[in-house]
Each structure stands twice: as C-alpha cells, then as structure tokens.
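Read off the chains here:
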Amino acid sequence: MGVKVLLLENIHPVATEAFRRAGFEIEACAGSLSADELVDRLPGVSVLGIRSNTKVTPEVLEAGKDLLAVGCFCIGTNQVDLVDAAERGVAVFNAPFSNTRSVVELVLGEIIALGRRLPEKTQRMHEGVWDKSAKGSHEVRGRTLGIIGYGNIGTQLSNVAEAVGLRVIFYDTADRLAHGNARRVGTMDQLLAESDVVTIHVDGRPGNAGMFGAEQFAKMKPRAMFINASRGMVVDDAALREHILSGHLAGAAIDVFPIEPKAQGDTFESPLRGLDNVILTPHVGGSTQEAQEEIGHFVSNKLIGFVRGGATALSVNLPEVAPPQLPGAFRVGYLHSNERGVLAGINRLLAEAGANVVGQSLSTRDDRGYVLIDTDLALSDAALAALRGAPQTVWLRSWEL
Ligand SMILES: NC(=O)c1ccc[n+]([C@@H]2O[C@H](COP(=O)([O-])OP(=O)(O)OC[C@H]3O[C@@H](n4cnc5c(N)ncnc54)[C@H](O)[C@@H]3O)[C@@H](O)[C@H]2O)c1
C-alpha cells in the first residue's frame, strides 16, 4: 500500500520534495484544519505534517486509524497530545535544533548593536535629533562574552563570537568541552565578575525558573550588557529594569518573556518597555526563512526514516531506536507495552521460525518498549501474526531493507 502524507500550514517545499522523492503520495493545505475537518481527512493518511496551529487531540488521533507518525514542522509539540499518541503508537517528531544558527546570528548582532548603543541612536534620529558622539560606544573586539548554558546555541555562538574578536568564557552545569579558545569557568559568579556581555542560553528545565535576578545582576560588571534569548521565566525582568535605570548596566537585549502575548497584534506588557539601549524582540530568535527550510529538511527526513525503516531517533514520544540499515536484511519493528519477558518471547518465536538475528535494538520509554529486529530471512506470515496477536503488542511492521 502507498504512503499518503497530509501536509498542513504551508510546510516548506523542501519537505514536499523529500516526500515526493521517497515515493509518498502528498496532499497539502495552505492553512490548518479544525478537529472536525481532520477527523474527515485522516482516514487513509499515514503521515500528518503540521506546524503550531493544528491541534492533534485524542479525538483526531482516534480518527487517524492509519496514522503512523505526526511531524511537527516547528520546535514546540504542545499542539499534539503526546501521551495519547504514544499509547496509540503514533510517533511524533519535531525539529528542536534547526533554528540554532538563527538565534546565534541574532545574538551576535545584538552584542554589536548594544555596544554601539544603536537602539538609542536610531531612536534619536527618528525623533529628528543629530547626536554624533562616540561616548559609551565600544568595539566588541577584545571584550569578554560570558555564555551561560553551553549547549547547541551556546557553543555555536562561542565560535562566531571568537571570529569577531570577542574573548569567550562560559559556565554550564554539565561537563561541556570548550570550543576554540573559549574558557570554562567554575561558577556563574566568576563569569559575572569577568564578562562585559552576559548572554543566557540555558534550557527550560523547571529548576531554571528565576535563576537570574537581582542578586546576579548586582554581580555583573559596571556598564556590562545583558542578553536573554533562552526562556522568559529564567530572568527577573523587573530586576533588570532597576539595573538599567540605575546605570549599572549599559544595555540589554531580550527576546523571550515570562508572559508572551498569544495572538498577533496583542498588547505586549513588560517592565522593560521604554528603556534606553534595550532591544526588545517578539520571540523571533529562531524565526528565519533559513530555519524554516532546515526544519523542512529535518522533520521530513525523520518521518521518511521512520516509515521506511522504523527509526525513532529524536521522536518526542516513543522510545528512541535507530540502528544502521543492513542491506538485504529483513526488519521487524515491534512496539509493545513495557513488560517483563517480552523480548524473551520474541526471541523464542524467532528461534522457532529458524531466523538468524543479525541486529537487534531495544529501547523503552515510560510504559512503551520498542525493538527493531533484523533477521537473515523474512518471517512467515504465521510468525508475524503470532507476534501481532500477543497481548503486549501495540503494533508490528516489517520491511525488507
Ligand atoms: N529565542 C528563540 O527563538 C529560541 C530559539 C531556539 C531555542 N531557544 C531556547 O534557547 C535555549 C538553549 O537552546 P539549546 O538548543 O542551546 O539548548 P541545549 O539543551 O542544547 O543547551 C542548554 C545548555 O544549558 C545548560 N544548562 C541548563 N541549566 C543550566 C544552568 N542553570 N546553568 C548553567 N547551564 C545550564 C545545559 O547543560 C545545556 O548545556 C533553550 O531554552 C531554547 O528553548 C530560543
């Protein structure tokens, strides 16, 4: 049977092209669909591609009897009921890292813009005031950039920042290898004491809520600058306001906020509005055409890999398994409830079928277990039916690789 893909919300053409090359049948819609519309459209669809405006509820999943996977062509996955999807064995994928470069470039631009006091200067010009002065303006060359959170974004920022002459130091709670000439520091306090610019790139784990407030701002160098493009809840914006108003800090750029307006055009409230040399952007760090294209590539590849070979690497709701393709082998993908003895039962069946196992990868996540088994001969319909009929089975699929 052919593989039918339903793509909603104007997903980037690179994804459509990838599905076409894979031989999938494609239906596309420019907008999102309501739950009722989805319920009508989903029968016969194996793969659903959405962005953030389509809600995939249990009702929608119930209608998607043929659905194997949902691709979120975006970063967030809140629009999908992940637990319900996992219970039904529907794999969900997203693109958590495809906009890394976009965030890095925005932050680099902000470091330079704040150092030259561009927000203030452009504002005065628009008001008709010619204020030509070097006062408070600095090159970035030779200044120290302190990166808090040295993950995907932090490390890439480290590389591009060094290329423009910044000296980079970083602090991370995990053991991270320094890139280039960057230097790791042992405590956040040490980073704050040395940095001319502090930029935060930590993840959104609950413990990071409020991690940067009055105490941390007070430890920053006089006239240092501050950037947050990670999560709004990490920073106390009211404390930042005090440090900008007092003149202790020379500027800030903030892209993420504890409370962000829901809809386009909604009023934005923040204690940071109206301050000199403070850049405020509406959570656009990762929003570029290039990131959209990269997301199109990334998610379509994950979906094709899953449909064709059962690989679940970076799935957000199923156990992750991604063994290499063994040409000529026969693969069985078996999603089951995570119970004692399932693997032993499968191996007994394989032995009875006389199949030699050439590869086997198992992973578990919550109450689901997933195993990909490669054998040297195709299992008989009877052997597959026996496995399919087992009480622990969620689904079973088989391919020739
Ligand atoms: N502004 C935007 O549009 C935008 C776009 C993409 C990502 N982000 C956000 O940027 C942040 C970083 O993304 P990433 O992909 O680099 O994440 P990542 O998971 O790769 O890296 C986060 C790093 O922070 C470290 N960390 C966590 N808590 C810490 C703490 N308290 N102190 C020091 N280090 C800590 C982790 O060990 C890890 O190395 C995330 O919060 C992400 O949601 C924002």
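Each chain has its residues counted from 1, running along the sequence as written. For a predicted model such as this one, the threshold for reporting local features is a pLDDT of at least 70, and the threshold for listing and counting side-chain atom pairs is 80 or more; totals across whole chains, interfaces and linings nevertheless cover every residue. The side-chain figures draw on all heavy atoms in the structure; neither hydrogens nor water molecules are used.

A word on the overall build of the protein
Spelled out, the test is: Secondary structure elements are defined from DSSP: runs of H or I of at least 4 residues count as helices, runs of E of at least 2 residues count as strands, and each element is numbered from the N terminus. Buried, partly exposed and exposed residues are distinguished by accessible area as a fraction of the type maximum, computed with a 1.4 Å probe on protein chains only: under 20%, between the cut-offs, and over 50%, respectively. Here, residues are in contact when the closest pair of their heavy atoms is within 4.5 Å. The method behind every accessible area is Shrake-Rupley, applied with a 1.4 Å probe, and residues are considered shielded solely by the protein chains displayed.
Of the regular secondary structure elements, the protein holds 13 helices and 16 strands. Expressed as lengths along the three principal axes of its C-alpha atoms, the size of the protein is roughly 80 × 45 × 35 Å. For the protein, buried positions account for 48% of its 401 residues. Considering only residue pairs separated by 6 or more positions, the protein has 64% of its internal contacts joining residues 24 or more positions apart. For the protein, the exposed area adds up to about 19,200 Å²; of that, 51% sits on carbon and sulfur atoms.

Regarding the side chain of Asp-237
Put simply, the rule reads: Neither His nor the chain ends is counted toward charge; the positive residues are Lys and Arg and the negative residues Asp and Glu. Salt-bridge detection follows one rule: a side-chain nitrogen of Lys or Arg within 4 Å of a carboxyl oxygen of Asp or Glu.
By secondary structure assignment, the location of Asp-237 is in helix 10 (residues 237-245). Put simply, Asp-237 is tucked away with no salt bridge, and the nearest opposite charge, on Arg-241, sits 11 Å away. With sequence-adjacent residues up to four places away left out, Asp-237 is seen in contact with Phe-257, Pro-258, Ser-270, Pro-271 and Leu-272.

Some remarks on helix 5 (residues 100-115)
Quick reminder of the rule: Every helix has an expected span of 1.5 Å times one less than the residues it contains.
Its 16 residues place the ends of helix 5 23 Å apart at the C-alpha level, agreeing with the 22 Å of an ideal helix rising 1.5 Å per residue. Among all positions in helix 5, only Thr-100, Ser-102, Val-103, Val-104, Val-107, Leu-108, Glu-110, Ile-111, Ala-113, Leu-114 and Gly-115 are buried. In the segment just after helix 5, Arg-117 is the residue with positive phi, at about 55°.

Some points on the site of the ligand
Note the cut-off: Summary of the distance rule: residues count as near a molecule or strand when at least one heavy atom falls within 4 Å of that molecule or strand. Counting of polar contacts relies on pairs of N or O atoms within 3.5 Å, with two restrictions inside protein: one atom must be capable of donating a hydrogen and the other of accepting it, and residues adjacent in sequence are counted only when both atoms are side-chain atoms. When residues are sorted by character, Ala, Val, Leu, Ile, Met, Phe, Trp, Tyr, Cys and Pro go into the nonpolar class, Asp, Glu, Lys and Arg into the charged class, and all the rest, Gly among them, into the polar class.
Around the ligand there are 26 residues in total, and Asn-152, Asp-172, Arg-176, Val-202 and Arg-231 lie nearest to it. Between the ligand and Asn-208 there is a distance of 2.8 Å, counted from a nitrogen atom to a side-chain nitrogen or oxygen. Take Ala-229: an N or O atom from its main chain is 3.1 Å from a nitrogen atom of the ligand. Burial of the ligand by the protein chains amounts to 87% of its free accessible area of 880 Å². Classifying every residue of the shell around the ligand gives nine nonpolar, eleven polar and six charged.

A closer look at the sheet that holds strand 12 (residues 278-280)
Defined as follows: Pairing between strands is defined by DSSP: at least two bridges between the two strands are required. Here an angle of 0 to 180 degrees is reported between the N-to-C directions of two axes, which are lines fitted to C-alpha atoms, with helices fitted over the stretch in contact.
Judged by pairing direction, the sheet is parallel, and its seven strands sit side by side in the order 8-7-6-9-10-11-12 without closing on themselves. Because the sheet does not close on itself, it has two edges, and the strands there are strand 8 (183-184) and strand 12. Both strand 7 (residues 167-171) and strand 8 contribute to a ladder of two bridges, which runs parallel. Opposite Ile-169, over in strand 8, you have Arg-183 as the bridge partner. Those strands touched by helix 7 (residues 152-163) are strand 6 (144-148), strand 7 and strand 9 (197-200), and its axis lies near 170° from that of strand 6.

Considerations on the pattern of salt bridges
Enumeration according to the criterion identifies 19 salt bridges in this entry. Note that Glu-62 is salt-bridged to Arg-88, the shortest N-O span being 2.7 Å. Of this pair, Glu-62 sits in helix 3 (residues 58-63) while Arg-88 is found in helix 4 (residues 82-88), placing the two residues 26 residues apart along the sequence. Overlapping salt bridges, with partners in common, bring together Glu-62, Lys-65, Asp-84 and Arg-88 in one network.

Remarks on the packing of aromatic side chains
We count it as follows: Between rings of Phe, Tyr and Trp, where Trp is taken as its six-membered ring, a pair exists when centres lie within 6.5 Å; planes separated by under 30 degrees are stacked, by over 60 edge-to-face, and by other angles tilted.
In this structure the tally under the stated criterion is nine aromatic pairs. With 4.7 Å between their ring centres and 70° between their planes, Phe-257 and Phe-268 make a pair best called edge-to-face. Linking Phe-257 in the loop between strand 11 (249-254) and strand 12 with Phe-268 in the loop between strand 11 and strand 12, this pair joins segments that are eleven residues apart in sequence. Its relative accessible area of 7% is what places Phe-257 among the buried residues. Its relative accessible area of 22% is what places Phe-268 among the partly exposed residues. Of the aromatic side chains, those joined through ring pairs into one cluster are Phe-93, Phe-306, Tyr-370 and Trp-395.

Observations concerning the nonpolar core
Counted only if it meets this: To qualify as a nonpolar core, a set must consist of buried Ala, Val, Leu, Ile, Met, Phe, Trp, Tyr and Cys residues joined through side-chain atoms within 4.5 Å.
Membership of the largest hydrophobic core comes to 29 residues, with the highest contact counts inside it found for Phe-19, Phe-24, Phe-73, Leu-303, Phe-306 and Tyr-370. Elements that contribute at least two residues to this core include exactly strand 1 (4-7), helix 1 (13-21), strand 5 (91-93), helix 11 (289-309), strand 15 (368-375) and strand 16 (393-400). No other element matches the six residues that helix 11 contributes to this core. What Phe-19 contacts, discounting residues up to four positions off in sequence, is Val-5, Leu-7, Phe-24, Ile-26, Phe-73, Ser-300, Leu-303 and Ile-304. In terms of nonpolar packing, the next biggest core, distinct from the first, is built from 28 residues, Val-185, Met-188, Leu-272 and Leu-275 among them.

What is shown is where atoms sit, not what they do.
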